[in-house]
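Each chain is listed here by its residues.
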Amino acid sequence: MKLRITTEDLKNFINSIGRKSLILFFAMLLLPECSTFGPKNAQSSLIIVQMTLQKDELLLDEFLDPRFQKVTLRKGDSTYEYSENSEHYYYFQNLKEGQYEIYDAVHLLNRGASDFSYGSTKQASKVDIDFDKKDIESSRLNLEPGTVVFMGTIHVRVNFKFQGEPEIKIKFSKTIEEESAAFDYLYKNYPRNGWGQKAK
């Protein structure tokens, strides 16, 4: 028995695959985000921190925008690491009411958006940001239940030297424009998410 595949059969097969792929694509768009990023209940709150990093490396800089692998907030004796990161925004979700402030941040050198560090063994493996009292006080806020709050923007500039520790300069800012941009970004990137709806 010979199996004959005509041009018409091939066209029908390709069209069928195309239709199924299109249906799957739209289904994925319509489904809610399959992520743990979202409020647990109506009393859950979210803090947004924007952090930028500029590095003056002597030998090799990152081609991709560098990011922080660790950003931590503090409330009393407890610390909280971010649960979601998108571009320069770091999200701390499902927090309870209380007073929060920036605590510390860590950037792994020569890492960028990759999950693996690389570079010279003679080079420090990370940049550990220690915020001074002024920056901590500027970031401090009182979080209310069921809210989305923008803490502010922290600009970090690192100047590497041939000898000694790198020079780190930190500038904190919080403007209406930065807050509005943070809320717009959250809503546009997570429109069907509970946090995105709160930022609308």
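Here's a quick rundown of the structure. (Residues numbered from 1 in each chain as written. Predicted model: local features only at pLDDT ≥ 70, side-chain atom pairs only at ≥ 80, totals over all residues. Heavy atoms only, no water.)

**Regarding the overall build of the protein**
And step 1. Within the protein, the secondary structure is distributed over four helices and ten strands.
And step 2. For the protein, the proportion of its 200 residues judged to be buried stands at 35%.
And step 3. Pairs at least 24 residues apart make up 69% of the contacts formed inside the protein by residues separated by at least 6 positions.
And step 4. Only carbon and sulfur atoms are counted for the fraction: they give 54% of the accessible area of the protein, which is about 13200 Å². (Helix = DSSP H or I, 4+ residues; strand = E, 2+ residues; numbered from the N terminus. Buried < 20%, exposed > 50% of the residue type's maximum accessible area, 1.4 Å probe, protein only. Contact = heavy atoms within 4.5 Å. Areas by Shrake-Rupley, 256 points an atom, 1.4 Å probe, with all protein chains shown as cover.)

**Looking at the sheet that holds strand β1 (residues 45–56)**
And step 1. Judged by pairing direction, the sheet is mixed, and its five strands sit side by side in the order β4-β5-β1-β9-β10 without closing on themselves. At either end of the open sheet lies a strand with only one pairing partner, and these are β4 (84–86) and β10 (167–173). Sheet twist, expressed as the mean angle between neighbouring strand axes with direction ignored, is 25 degrees.
And step 2. Relative to strand β5 (residues 89–95), β1 is paired through five bridges, and the arrangement is antiparallel. (Pairing = 2+ DSSP bridges. Axes fitted to C-alpha atoms, helices over the stretch in contact; angles between N-to-C directions.)

**Regarding the packing of aromatic side chains**
And step 1. Inspection of every chain in the model, using the stated rule, returns seven aromatic pairs.
And step 2. Each ring, one from Phe 68 and one from Tyr 90, has its centre 6.4 Å from the other, and the planes form 70 degrees; the classification is edge-to-face. Taken together, the positions of Phe 68 in the loop between β1 and β2 (70–75) and Tyr 90 in strand β5 put the pair 22 residues apart, joining distant regions of the chain.
And step 3. Taking relative accessible area as the criterion, Tyr 90 reaches 1% and is therefore assigned buried.
And step 4. Taken together, a centroid distance of 4.9 Å and an interplanar angle of 35 degrees make the contact between Tyr 89 and Tyr 185 tilted. Remark: Tyr 185 occurs in helix α3 (residues 176–189) and Tyr 89 occurs in strand β5; sequence separation between them is 96 residues. In this pair, the class of Tyr 89 matches that of Tyr 185, namely buried.
And step 5. Every member of this aromatic cluster is reached through a ring pair, and the members are Phe 37, Tyr 91 and Tyr 190. (Phe/Tyr/Trp six-rings, centres within 6.5 Å; stacked < 30°, edge-to-face > 60°.)

**Remarks on the environment of Tyr 185**
And step 1. The buried category is assigned to Tyr 185, whose relative accessible area is 18%.
And step 2. When the C-alpha positions of Tyr 185 and Ala 199 are compared, they lie 9.1 Å apart, and in sequence the two are 14 residues distant.
And step 3. Filtering out sequence-adjacent residues up to four positions away, Tyr 185 remains in contact with Ser 86, Glu 87, Tyr 89 and Tyr 91.

**Examining the side chain of Glu 178**
And step 1. In this structure, Glu 178 sits in helix α3.
And step 2. One polar contact links Glu 178 to Ser 173, side chain to side chain, over a distance of 2.9 Å.
And step 3. One polar contact links the side chain of Glu 178 to the main-chain amide nitrogen of Lys 174, over a distance of 3.5 Å.
And step 4. The contact partners of Glu 178, leaving out residues within four places of it in the chain, are Phe 150, Thr 153, His 155 and Ser 173. (Polar contact = N/O pair within 3.5 Å; in protein donor to acceptor, adjacent residues only side chain to side chain.)

**Concerning the pairing of β1**
And step 1. Burial within β1 is extensive, with ten of its twelve residues counted as buried.
And step 2. As paired elements, β1 and strand β9 (residues 148–159) share eleven bridges and run parallel to each other. Among the inter-strand pairings, Met 51 is bridged to a residue of β9, identified as Ile 154.

**Focus: the pattern of salt bridges**
And step 1. Using the criterion set out here, one finds three salt bridges in the structure.
And step 2. Between Glu 101 and Arg 74 there is a salt bridge; the shortest N-O distance is 2.7 Å. Placement of the pair is Glu 101 in strand β6 (residues 98–108) and Arg 74 in strand β2, with a sequence separation of 27 residues.
And step 3. We note a salt bridge from Glu 101 to Arg 140, for which the minimum N-O separation is 2.7 Å. Residue Glu 101 is located in strand β6, and its partner Arg 140 is located in the loop between α2 (133–139) and β8 (141–143); the two are separated by 39 residues in the primary sequence.
And step 4. For Arg 140, a relative accessible area of 35% gives the class partly exposed.
And step 5. A single network of salt bridges, built from pairs that share partners, joins Arg 74, Glu 101 and Arg 140. (Salt bridge = Lys/Arg side-chain N within 4 Å of Asp/Glu carboxyl O.)

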